[in-house]
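In case you want the letters, here they are:
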Amino acid sequence: MSAVQFRPMKLWTAGAQKNWQLAGYQLELVRDSLTEAVALYTDIPVENITMVDPPIRSIERAIAARNSAAFSRAFAELTTGCNACHQSIGRGFIVMKVPAASPFSNQSFSPQGGKGNDARR
Ligand code: HEC
């Protein structure tokens, strides 16, 4: 789950800086790492896994619309979904929150003006 911890932070940082191209890319990585994490814990009920799907789709729409307010709202919903699953598996002490600042001082999150392909992989 440590990738599940830092990838949303990168997603949030990219979105906060309106770097929508990078945000779209990070969102795919968040999806991948959640899928991988969930595969490791086979006893998680399916409805817990799917509870983060709606917020992830909302984030996707916010990125496509380049809408900061919608992005922040959807990111908060995703965080609620993370915690809802932790609570439902008896790990309510693992509490995620929306990041206050990026700890990644070695990566620039500001938009790079059209470099690279759009985030679809
Ligand atoms: C489908 C259920 C589920 C969802 C959704 C989920 N997690 Fe977890 N999470 C787990 C499980 C299972 C563990 C491991 C608990 C254990 O082994 O004791 C865990 C543990 C963690 C940990 C503690 C591991 C560590 O190294 O400190 C963090 C941090 C974490 N999750 C972050 C997140 C974030 C961020 C999200 C949302 C993007 C998320 N999780 C969504 C089930 C989930």
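Scoring rules and cut-offs
Residues numbered from 1 in each chain as written. Predicted model: local features only at pLDDT ≥ 70, side-chain atom pairs only at ≥ 80, totals over all residues. Heavy atoms only, no water. Phe/Tyr/Trp six-rings, centres within 6.5 Å; stacked < 30°, edge-to-face > 60°. Helix = DSSP H or I, 4+ residues; strand = E, 2+ residues; numbered from the N terminus. Near = heavy atom within 4 Å. Polar contact = N/O pair within 3.5 Å; in protein donor to acceptor, adjacent residues only side chain to side chain. Nonpolar A, V, L, I, M, F, W, Y, C, P; charged D, E, K, R; others polar. Expected span 1.5 Å × (residues − 1). Buried < 20%, exposed > 50% of the residue type's maximum accessible area, 1.4 Å probe, protein only. Contact = heavy atoms within 4.5 Å. pLDDT = per-residue confidence, 0-100.

Concerning the packing of aromatic side chains
Point 1. Applying the stated criterion across every chain, the model contains 4 aromatic pairs.
Point 2. A ring pair is formed by Phe-6 and Phe-104, whose centres lie 6.3 Å apart and whose planes are at 65 degrees; its orientation type is edge-to-face. Of the two residues, Phe-6 is situated in helix α1 (residues 2–16) and Phe-104 in the segment after α5 (68–88); the sequence distance between them amounts to 98 residues.
Point 3. Ring centres of Trp-20 and Phe-71 lie 5.8 Å apart, and the angle between their planes is 70 degrees; this geometry places the pair in the edge-to-face category.

Overview of the site of the ligand
Point 1. With respect to spatial proximity, 18 residues lie near the ligand, and among them Met-1, Cys-82, Cys-85, His-86 and Arg-91 are the closest.
Point 2. His-86 places a polar side-chain atom, nitrogen or oxygen, 2.8 Å from a nitrogen atom of the ligand.
Point 3. Within the side chain of Arg-91, a nitrogen or oxygen atom sits 2.4 Å from an oxygen atom of the ligand.
Point 4. Every element with two or more residues in the shell around the ligand is listed here: α1, α2 (20–40), α3 (46–50) and α5.
Point 5. Its residues assigned to classes, the shell around the ligand shows 14 nonpolar, 3 polar and 1 charged.

Some points on α1
Point 1. The end-to-end C-alpha separation of α1 is 21 Å, in line with the 21 Å expected for 15 residues at 1.5 Å each.
Point 2. Phi for Lys-18, located one or two positions after α1, is positive at around 55 degrees.

So, the side chain of Asn-19
Point 1. Residue position: Asn-19 is located in the loop between α1 and α2.
Point 2. At a separation of 3.2 Å, a polar atom in the side chain of Asn-19 contacts the main-chain carbonyl oxygen of Ser-110.

A closer look at the side chain of Gln-26
Point 1. Within the secondary structure layout, Gln-26 lies in helix α2.
Point 2. What makes Gln-26 buried here is its relative accessible area of 3%.
Point 3. When neighbours within four sequence positions are excluded, Gln-26 is seen to be in contact with Arg-7, Lys-10, Leu-11 and Gln-107.

Quick look at the confidence of the model for the protein chain
Point 1. Scored by pLDDT, the protein chain comes out at a mean of 88, with 93% of its residues at no less than 70.
Point 2. Mean pLDDT values for the elements of the protein chain range from 76 in α3 up to 96 in helix α4 (residues 53–64).

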